[in-house]
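Analysis of the macromolecular model
Read off the chains here:
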Amino acid sequence: MSNYETILVEQRDAVTLVTLNRPQALNALNSQVLAELIDAFAAYDREESQRCLVLTGSEKAFAAGADIKEMQSQGFADMYGSNFFAGWEQVTATRKPWIAAVNGFALGGGCEVAMMADFIIAGDKAKFGQPEIKLAVTPGMGGSQRLAHAVGKAKAMEMCLTGRMMGAEEAERAGLVVRVVPAEALVDEALKTAAEIAAMPPLAAIAAKEMVNAAFELPLGQGVRFERRLFHGLFGTDDQKEGMSAFVEKRPGNWTGK
Ligand code: CAA
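The text that follows walks through the structure, step by step, so that each part is easy to find. Given the structure is predicted, the values throughout are model-derived calculations rather than measurements.

Here is what the cut-offs are and how they apply
Per chain, residues are indexed from 1 in the order of the written sequence. Residue-level local features of this predicted model are given only where pLDDT is at least 70; pairs of side-chain atoms are given and counted only at 80 or more, and the full residue set underlies all totals for whole chains, interfaces and linings. As a rule here, side-chain values come from all non-hydrogen atoms in the structure, and water together with hydrogens is ignored. Under the DSSP-based scheme used, a helix requires at least four consecutive residues in state H or I and a strand at least two consecutive residues in state E, with every element numbered from the N terminus. In this setup the radius of gyration rests on C-alpha atoms only. A globule is expected at 2.2 Å times the number of residues raised to 0.38. Any two residues whose heavy atoms approach within 4.5 Å are treated as being in contact. We count a salt bridge whenever a side-chain nitrogen from Lys or Arg sits within 4 Å of a carboxyl oxygen from Asp or Glu. Only protein chains enter the accessibility calculation, which uses a 1.4 Å probe. A residue is then buried if its area is under 20% of the maximum for its type, exposed if over 50%, and partly exposed in between. Pairing between strands is defined by DSSP: at least two bridges between them are needed. To define a nonpolar core, start from buried Ala, Val, Leu, Ile, Met, Phe, Trp, Tyr and Cys residues and group those joined through side-chain atoms within 4.5 Å. Each residue is tested against the molecule or strand, and it is near if at least one of its non-hydrogen atoms lies within 4 Å. Each polar contact in these results corresponds to two N or O atoms within 3.5 Å; when the atoms are within protein, one needs to be able to donate a hydrogen and the other to accept it, and residues that are neighboring in sequence are counted only if both atoms are side-chain atoms. Exposure was quantified through the Shrake-Rupley algorithm and a 1.4 Å probe, taking into account, for residues, occlusion by the shown protein chains and nothing else. Residues are grouped as follows: Ala, Val, Leu, Ile, Met, Phe, Trp, Tyr, Cys and Pro are nonpolar; Asp, Glu, Lys and Arg are charged; every other residue, Gly included, is polar. A clockwise course of the path from the first strand over the helix to the second, judged with the strands pointing away from the viewer, identifies a crossover as right-handed.

**A look at the overall build of the protein chain**
Secondary structure summary: the protein chain contains 12 helices and 10 strands in total. What you see for the protein chain is a C-alpha radius of gyration of 19 Å, in line with the 18 Å of a compact globule of 258 residues. In terms of overall dimensions, the protein chain has C-alpha extents of about 60 × 45 × 40 Å along its principal axes. Of all intrachain contacts in the protein chain linking residues separated by at least 6 positions in sequence, the fraction that spans at least 24 positions is 66%.

Following this line, the structure appears as structure tokens:
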């Protein structure tokens, strides 16, 4: 699949830029968006020339949530039977690094997708929230878990119980986003950071991502052992020899990804 209708995909050197593109619905995430994102992220993971990805939306909305009109008439049997939203696990299975660049509304599923990224860079007018409770439901794409990990119990609980939105500055203070930049500079800033990551040795980047993510799933001792084993494993790569030789010889490394 490559003629997408709800997303735009471009390659800028080693960085893939994916833009959510359903402006008439504030980028609400329906099944077609999910299918297209799964395809685009899998293609990115496979494509050797691509080393980092940026996912963004529009200046008004990163994404205003899962598509309420698509869910409105569904019953329990439909949702449980189709394991609705389980497809997002294919997006979180992406092995290479990716960044969410958030301008405007990141609500419900929009906030949840942003939190699936390795980190979020926000425009100064970004607004994050989990307003599902106002629809008599709850987060369903991991929001209650990832938000609690990111900002702690107090703010996560308040946001899920009241639907209150968090602005960009508060999101940075709370640890939800890595930094805030002027809205109009957001995509360029995210692409610049992505280019920096894309210039790193690719296997070390995948390993670093895997071990930081393990911190959210494993007890400390197991996490530290997992880290050490991956660290040991990197000594089997050509890039480790190149990286350490380049340091000693005072020159930049030249990575092969082997
Ligand atoms: N699903 C479907 N359509 C949506 C949508 C959504 N989540 N969010 C916005 N839209 C549509 C609106 O229905 C509207 O379409 P029409 O012109 O056809 O009526 C269009 O996008 C523009 O939206 P508004 O007119 O509402 O724009 P606004 O500027 O007045 O308000 C907003 C912006 C505050 C973000 C408002 O659109 C809003 O509250 N959206 C819903 C937010 C929400 O509840 N998200 C959670 C969804 S549930 C979920 O995500 C479950 C989960 O855990 C994954």
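The rest of the description comes next.
**Quick word on the pattern of salt bridges**
Evaluation of the coordinates by the stated rule reveals 10 salt bridges. Arg 164 is the partner of Glu 158 in a salt bridge, and the nearest nitrogen-oxygen pair spans 2.9 Å. As a salt-bridge pair, Arg 251 and Glu 242 come within 2.8 Å of each other at their nearest N and O atoms. Looking at Glu 242, the relative accessible area reads 17%, which means it is buried. When salt bridges with common partners are traced through the structure, they connect Lys 155, Glu 158, Arg 164 and Glu 170 into a single cluster.

**Some thoughts on the sheet that holds strand 6 (residues 105-107)**
On the basis of which strands lie adjacent, the open sheet formed by four strands has the order 4-6-8-9 and mixed pairing. Among the strands making up the open sheet, the edge pair consists of strand 4 (61-63) and strand 9 (166-167). Inspection of the sheet shows strand 4 paired to strand 6 by two bridges, in the parallel sense. Looking at the pairing, Ala 61 lines up with Phe 105 of strand 6.

**Examining the nonpolar core**
Ranked by size, the top nonpolar core spans 60 residues in total, and within it Leu 55, Phe 62, Trp 88, Phe 128 and Leu 176 carry the most contacts. Considering every element that reaches this core, the biggest residue donor is helix 1 (residues 31-46), with seven residues.

**Some details on the site of the ligand**
Near the ligand there are 25 residues, and of these Lys 60, Ala 66, Gly 109, Glu 132 and Gly 140 occur at the shortest range. In the environment of the ligand, an oxygen atom lies 2.7 Å from a nitrogen or oxygen atom belonging to the side chain of Glu 132. Contact distances for the ligand include 2.8 Å between an oxygen atom and a backbone N or O atom of Gly 140. Coverage of the ligand by the protein amounts to 65% of the 990 Å² it exposes when considered alone. No other element matches helix 2 (residues 68-71), which puts three residues into the shell around the ligand. Its residues placed into classes, the shell around the ligand shows 14 nonpolar, six polar and five charged.

**Comments concerning unusual backbone geometry**
Glycine aside, the phi torsion of most residues is negative, and most peptide linkages are trans. The phi dihedral of Phe 85 falls on the positive side, at around 85°, and the residue is not glycine. Mapped onto the elements, Phe 85 comes out in the loop between helix 3 (76-81) and helix 4 (88-92). At Ala 136, a residue that is not glycine, the phi angle is positive and equals roughly 65°. Note on placement: Ala 136 falls in the loop between strand 8 (127-129) and helix 6 (143-151).

**Quick look at the pairing of strand 1 (residues 7-12)**
Strand direction decides the pairing type here: strand 1 and strand 2 (residues 15-20), joined by six bridges, are antiparallel. Paired with Gln 11 across the bridge in strand 2 is Thr 16. Following strand 1, the chain reverses through two residues before pairing antiparallel with strand 2; Asp 13 in that reversal takes a positive phi of roughly 50°.

**Topic: the pairing of strand 2**
Across the six residues of strand 2, six count as buried, placing the element largely inside the fold. Residues Val 15, Leu 17 and Thr 19 line one face of strand 2 and the alternating positions Thr 16, Val 18 and Leu 20 line the opposite face, and both faces are buried. Bridge count between strand 2 and strand 3 (residues 52-56): five bridges; the pairing is parallel. Within the sheet, the bridge partner assigned to Thr 19 lies in strand 3 and is Thr 56. The β-α-β motif built from strand 2, the intervening helix 1 and the parallel element strand 3 has right-handed crossover chirality.

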